[in-house]
Amino acid sequence: MKSKECVAMILAGGQGSRLGILTKDIAKPAVPFGGKYKIIDFPLSNCAHSGITAVGVLTQYQPLELNTYIGNGQPWDLDRNDGGVYVLPPYVSAEKGEWYKGTANAIYQNIGFISGFDPKYVVILSGDHIYKMDYSKMIKAHKAAEAAATIAVIEVPWDEASRFGIMNTDEDMNIVEFEEKPKKPKSNLASMGVYVFSWDILKKYLIADENDPNSDNDFGKNIIPAMLRDQNKMLAYRFDGYWKDVGTIQSLWEANMNLLSENPGYEINDPGWKIFSRNPAKPPHYIAPKSKVKNCYITEGCEIFGDVENSVIFQGVTIEEGAVVRDSVIFPDAYIGKNAVVNKAMIGTDAYISENSEIGSADDDSVKDFYNTKICSDDITLIGPNVSVAEGIKVASCSMVTRNIKKPSVEKAAGKKSVKGTATA
Amino acid sequence: MVNNNTLGLIFSENSEASLGELMKFRSLAAVPVGGRYRIIDFMLSNMVNSGIANVGITAGFKNRSLTDHVGSGRAWDLARKETGLFILPPPETIDLNGRIMGGIDYLSGAMSYLNRSRQEYVMLSDCNTICNIDLEKVMDFHFEKDADITVVYTEEPNLGPRELEKHILFGVADDGSVSDIQIYPKKQKSDAAYMHMFFIKKSLLIELIEDCLAHDEHVISKNILLANLGKLRIFAYKFEGYKKKIDTIDAFFEFNLELLREDVRRELFGEDKKSIYTKVKDSVPTKYGREAEVKNSFIADGCEIYGEVENCIVFRGVKIGKGAKVKNSVIMQKSQIMDNCTVDNVIFDKEVILCSGKSLVGESTYPLVIGKRKVV
């Protein structure tokens, strides 16, 4: 294999359990975002635009969707003669086989993959964030400083700093201390989970870490502190663009809604830095004579007969006549029936909301069985993928609906889904 | 399943189609239609969806935008090792002596491609009949009838005199064989209108082309079909779905606006139909502003809409400003209609800019066409 100056490794094995039903069958990086993307499109597109052409994607939790989505990497221009994108699940070897025990162990288990490219630098990324970043600038800073490691940091509000991994630096941005979720933060520079390492140095630490039976095999908890202890040159690289962790239902909803604001903080429609994704072959979307569409994002393959306001609508969604969708995110191929109301909700892929039902209801007679304030907050209602809600059902706000809700009467509304193809007005 | 024994040939030009300003810089096949497609996407997708993995496109001299659009053929899954997509320009030695290029002239540029390909059968088609057709059924019909040539037709009752002049009608016998061929008749004696698609054994096609070239004959319908009526087993397969031939600006405009009909969208893009592929642009979703008023429109990705839009086909990356009123129009890729403009019955080619407050009004029977990259 021809050598590459830099290899990127994307940690995409996390479950993202705070996303509840959304990540029951898919890993967090495969969660849809922004009308036509998946979260992993952001780091993959960043790699493509930063000139990094060898990328490993480390999968573990529910990898099927990610594997098929990434495929040969062609949508991100990562189908390369040398390098390209590789999906790297854990594997069994002659001596042993084990799951990825932690972020550092995941990289450790792929030392062979990385070394095959004989790189000078390795970029470690997480597949959980929405941001546009030119990694090549960060690598340049890393090279200029002759650092062992460079960690991207972003200023966060002081009152939120205790939720992040905080980097304490000297005036030259050298990291002097790293604190994971400090109670009393000394700095508001949070780690973005974007690291550049000089490969020969990182490799030594990975091997040492693996030999330490007490280690959690984690970059934040083990590798970074160990490198700091040994007085390696560790640089903080300040990033001042938009960066959003979409680890909770509320933050995912907010990040989608943010796209609709006057100034989202980043330009998603940027011809020079497109976010690439696997595009489905769908026709343009249709807006019917009686529908009202205000302040929203709508993608190809949708058929809109109802009213949509302040919402992000993914591909292949049908919204029937008289339906009202407000402040919501509707994932691919979901169906919203006639006169249904969807209020501040996220509707999962292929979900079926029958006519006259109401999602996110404040009424007393609404179904409260799925009330879940652990996952849902800020009155956001979550309907799981493939879940169907029967005719006339009201689902209380702050619910996470994980299974079909049938009609309470004798007449069951089961099998509703099968009529989908013919149910449009 | 991949059909390893059939290749496709699509004609990117058609001397009988004239789309004026829209074809000033591009071939017929590359004319944008339907919000995100080019004319050729439909036939190319039909071929691929029917398992054909080797497609040649005969090209004219204006082929830059066509080659740019189809590229390596990847969007149609035609970036293949041995087969795939081939652009076939006319032979350099062609001497037209002032006459227009006929189908056989284009085919003469495909001879070495035909000879070198391993497939035994050829599906030929014009590019400008928009439909979603299962060509496997045509092939099955061909073998079932043990035909030499199978032509595809559609029922077209009640053609007006001007329409008749552009049609080729078949007399079709009960067994499906073609008993008569009338090219541009004055009177309608049959409803079976030719869709400019036929299926044939490659060796026979090559023989017929060589024979025509030797006799200085250039027209497929006359010199290949009509000349062999009664000599070869010519059968006709009836296609019953939606189709629209785009050969004039009017037909182009009609087809685009017909996409506002649910039945037409279902015939071309329905869930039970195979996908129509096109070049991927990675556009963002379309953004609608707070004051947007959109009714009965077909809108592609990457647009920003702040004004009023009614009965329109809007292509990728179009911007429509605040207070603009746009009706009954076709607006191609990356055109911009600025604030407070009024537009009715207009076809905007790509990248047109209509400056703030301007008004452009055509007639439904005579839409105004604004050429590519014009600033109004």
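Every value quoted in this text rests on a predicted model; they were computed, and no experiment measured them.

Enquirer: What's the story with the overall build of chain B in this structure? I'm lost.
Expert: Scanning chain B for helices and strands turns up 10 helices and 28 strands. For chain B, the C-alpha radius of gyration of 21 Å lies close to 21 Å, the compact-globule estimate for 376 residues. Considered along the principal axes of its C-alpha atoms, chain B spans approximately 65 × 50 × 45 Å. Within chain B, the fraction of its 376 residues that count as buried is 59%. Put simply, of all contacts in chain B between residues at least 6 apart along the chain, 57% involve residues at least 24 apart. Here chain B contributes 49 positive and 53 negative side-chain charges, whose respective centroids are spaced 6 Å apart.

Enquirer: Can you walk me through the pattern of salt bridges in this structure?
Expert: Proximity of charged atoms lets side chains of opposite charge pair with each other. Residue and element names in this part refer to chain B. Taken as a whole and judged by the stated rule, the model has 38 salt bridges over all chains. Of the charged contacts in the structure, one is a salt bridge between Lys-244 and Glu-258, with a shortest N-O distance of 3.3 Å. A residue pair is termed long-range when its members are at least 10 positions apart, and Lys-244 in strand β13 (residues 243-245) and Glu-258 in helix α9 (residues 249-258) qualify at 14 residues. Taking relative accessible area as the criterion, Lys-244 reaches 14% and is therefore assigned buried. One salt bridge in this structure joins Arg-373 and Glu-351, with 2.9 Å as the shortest N-O distance. A residue pair is termed long-range when its members are at least 10 positions apart, and Arg-373 in the segment after β28 (368-370) and Glu-351 in the loop between β25 (346-348) and β26 (353-354) qualify at 22 residues.

Enquirer: Where do I start with a negative patch on the surface in this structure?
Expert: Residue and element names in this part refer to chain B. Negative charge collects at one region of the surface, where Asp-134, Glu-136, Asp-140 and Glu-144 lie side by side. The topology assignment puts Asp-134 in the loop between β7 (129-131) and α5 (135-144). A residue is classified by how much of its surface remains accessible, and Asp-134, at 32% relative accessible area, is partly exposed.

Enquirer: Explain the packing of aromatic side chains to me, please; I cannot follow it from the model alone.
Expert: Per the counting criterion, the structure on display carries 28 aromatic pairs over all chains. Of note, A:Lys38 hangs over the ring of A:Tyr69, and the distance from its end group to the ring centre comes to 5.3 Å.

Enquirer: Would you take a moment to explain the side chain of B:Ser125 for this structure?
Expert: All names here are of chain B. Secondary-structure assignment places Ser-125 in strand β6 (residues 121-126). Using a relative accessible area of 1% as the deciding quantity, one classes Ser-125 as buried. Residues in contact with Ser-125, not counting those within four places in the same chain, are Leu-9, Ile-10, Phe-11, Met-43, Met-47, His-196 and Met-197.

Enquirer: For this particular structure, what's the right way to read the interface of chain B and chain A?
Expert: Accessible area lost during the coming together of the parts is what is often quoted as the interface size. Taken together, the contacts link 39 residues of chain B with 43 residues of chain A. Of the roughly 3,200 Å² buried between chain B and chain A on both sides combined, carbon and sulfur atoms contribute 44%. Area buried by chain B at its contact with chain A is led by B:Asp282, B:Tyr288 and B:Arg290, which between them contribute 20% of it. Inspection of the chain B/chain A interface yields 5 salt bridges. For the salt bridge of A:Lys36 with B:Asp301, the shortest nitrogen-to-oxygen distance reads 2.9 Å.

Enquirer: How should the sheet that holds strand β29 (residues 388-389) of chain A be read in this particular structure?
Expert: Strand pairing in a sheet is mediated by backbone hydrogen bonds. Such pairs are either parallel or antiparallel. Read across the open sheet, the 11 strands follow the order β29(A)-β26(A)-β23(A)-β20(A)-β17(A)-β14(A)-β16(B)-β19(B)-β22(B)-β25(B)-β28(B); overall the sheet is mixed. Strand pairing shows two members of the sheet lacking a second neighbour, β29 of chain A together with β28 of chain B, which therefore form its edges.

Enquirer: Got a minute to help me understand the pairing of strand β5 (residues 84-88) of chain B in this structure?
Expert: For a regular strand, side-chain orientation follows a simple rule: the groups alternate between the two sheet faces. Residue and element names in this part refer to chain B. Looking at chain direction, strand β4 (residues 54-58) and β5 are connected through 5 bridges and run parallel. Directly across from Gly-56, in β5, lies its bridge partner Phe-86. A crossover connection joins β4 to the parallel β5 through helix α2 (residues 64-70); in handedness this β-α-β unit is right-handed.

Enquirer: Just checking my understanding: could you explain the layout of surface pockets for this structure?
Expert: Gaps left between atoms show up when a probe the size of a water molecule is rolled over them. Residue and element names in this part refer to chain A. One number sums up the size of the largest pocket: a volume of about 1,600 Å³. Contributing to the lining of the largest pocket are 48 residues, with Lys-28, Ser-126, Asp-128, His-129 and Asp-245 lying nearest its centre. Elements with a contribution of two residues or more to the lining of the largest pocket: α3 (103-108), β6 (121-126), β8 (149-155), β10 (175-180), β11 (189-198), α7 (219-229) and β13 (243-245). The dominant element in the lining of the largest pocket, judged by the number of residues it contributes, is β11, at 4 residues. Across the lining of the largest pocket, the residue classes tally to 17 nonpolar, 17 polar and 14 charged.

So, how was this worked out
- Residues numbered from 1 in each chain as written.
- Chains lettered and ligands numbered in written order.
- Predicted model: local features only at pLDDT ≥ 70, side-chain atom pairs only at ≥ 80, totals over all residues.
- Heavy atoms only, no water.
- Helix = DSSP H or I, 4+ residues; strand = E, 2+ residues; numbered from the N terminus.
- Rg over C-alpha atoms; globule rule 2.2 N^0.38 Å.
- Buried < 20%, exposed > 50% of the residue type's maximum accessible area, 1.4 Å probe, protein only.
- Contact = heavy atoms within 4.5 Å.
- Lys, Arg positive; Asp, Glu negative; His and termini not counted.
- Charge placed at Lys NZ, Arg CZ, Asp CG, Glu CD.
- Salt bridge = Lys/Arg side-chain N within 4 Å of Asp/Glu carboxyl O.
- Patch = residues over 30% accessible without salt bridge, like charges linked within 9 Å, V, L, I, M, F, W, Y side chains within 5 Å.
- Areas by Shrake-Rupley, 256 points an atom, 1.4 Å probe, with all protein chains shown as cover.
- Phe/Tyr/Trp six-rings, centres within 6.5 Å; stacked < 30°, edge-to-face > 60°.
- Lys NZ or Arg CZ within 6 Å of the ring centre and 35° of its normal.
- Buried area = accessible area lost by both parts, 1.4 Å probe.
- Pairing = 2+ DSSP bridges.
- Right-handed = clockwise from strand over helix to strand, strands pointing away.
- 1 Å grid on protein atoms, 1.4 Å probe; cavity = no way out; pocket = protein on both sides within 12 Å on 5 of 7 lines; lining within 4 Å.
- Points joined across faces, edges and corners; volume = space filled by probe spheres on them.
- Nonpolar A, V, L, I, M, F, W, Y, C, P; charged D, E, K, R; others polar.

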